[in-house]
Amino acid sequence: MTFSKINKIKKIIFISSSSVYGMNSKKKPFKTNEIANPSNLYGALKLAMEVMGSKLFNNFISLRLFQVYGLNDLKFRLVPSIINSQKIKLKNCCQITDMIFYKDLNNLVNKLILSKKIHKGVFNAGNGHPIYLRNVVKKIIALKKKKLM
């Protein structure tokens, strides 16, 4: 806290996770005013950091990331796994997520940094349109087959 005051840090942007919400059974996007209900330790820790950060700093911004995808994605993540023909284990056909392309996320962070109006708050970082994971898998497989032909 002292470091940020001494060095006149204007904003602290914390990269959180949609995991703070827990499982999405509503088939619609989460809203930041919904009660967080993490279903695993990772989500609980992210939520705890959000709470602590917002209490310690009056310039604390929390970005709740959904599925980020793009170049140099980790090989075990959903999109690269499908592209590389690895087995995909979906718990059921109704798993729903939201996604954001890495360049869109970069633009969002840049806009938050440059914004003169936004100094604190919690924001979701996704496209706002939930999608069934099974449909994501099917689309990528279809696109991959088109490229092979």
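Residues numbered from 1 in each chain as written. Predicted model: local features only at pLDDT ≥ 70, side-chain atom pairs only at ≥ 80, totals over all residues. Heavy atoms only, no water.

Draft legend 1. Molecular detail of the sheet that holds strand β1 (residues 12–17). Pairing is parallel in the open sheet, where three strands are placed in the order β1-β2-β6. Lying at the two open borders of the sheet, with one neighbouring strand each, are β1 and β6 (121–125). Each adjacent strand pair in this sheet contributes to an overall mean axis angle of 25 degrees, direction not counted. In the sheet, strand β2 (residues 60–65) pairs with β6 via five bridges, with the strands oriented parallel. Following the sheet pairing, L63 is matched in β6 by F123. Relative to the sheet, helix α2 (residues 41–56) contacts β1, β2 and β6, its axis offset from that of β1 by approximately 155 degrees. Sheet strands in contact with helix α4 (residues 102–114) are β1, β2 and β6, and its direction is about 170 degrees off that of β2. (Pairing = 2+ DSSP bridges. Helix = DSSP H or I, 4+ residues; strand = E, 2+ residues; numbered from the N terminus. Axes fitted to C-alpha atoms, helices over the stretch in contact; angles between N-to-C directions. Contact = heavy atoms within 4.5 Å.)

Draft legend 2. Local environment of the packing of aromatic side chains. A full pass over the atoms with the stated rule returns four aromatic pairs. Ring centres of Y69 and F101 lie 5.4 Å apart, and the angle between their planes is 50 degrees; this geometry places the pair in the tilted category. You can see Y69 sitting in strand β3 (residues 67–69) and its partner F101 sitting in strand β5 (residues 99–101), a full 32 residues away along the chain. Take Y69: its relative accessible area is 30%, and that puts it in the partly exposed class. When its relative accessible area of 28% is taken as the criterion, F101 is described as partly exposed. (Phe/Tyr/Trp six-rings, centres within 6.5 Å; stacked < 30°, edge-to-face > 60°. Buried < 20%, exposed > 50% of the residue type's maximum accessible area, 1.4 Å probe, protein only.)

Draft legend 3. Quick peek at the pattern of salt bridges. Across all of its chains, the model carries one salt bridge by this definition. When the shortest N-O distance is used, the salt bridge between R64 and E50 registers 2.6 Å. Placement of R64 in strand β2 and of E50 in helix α2 is noted, with a sequence separation of 14 residues between them. Pair check on accessibility: R64 and E50 agree, each one buried. (Salt bridge = Lys/Arg side-chain N within 4 Å of Asp/Glu carboxyl O.)

Any link to function would need more than the numbers given here.
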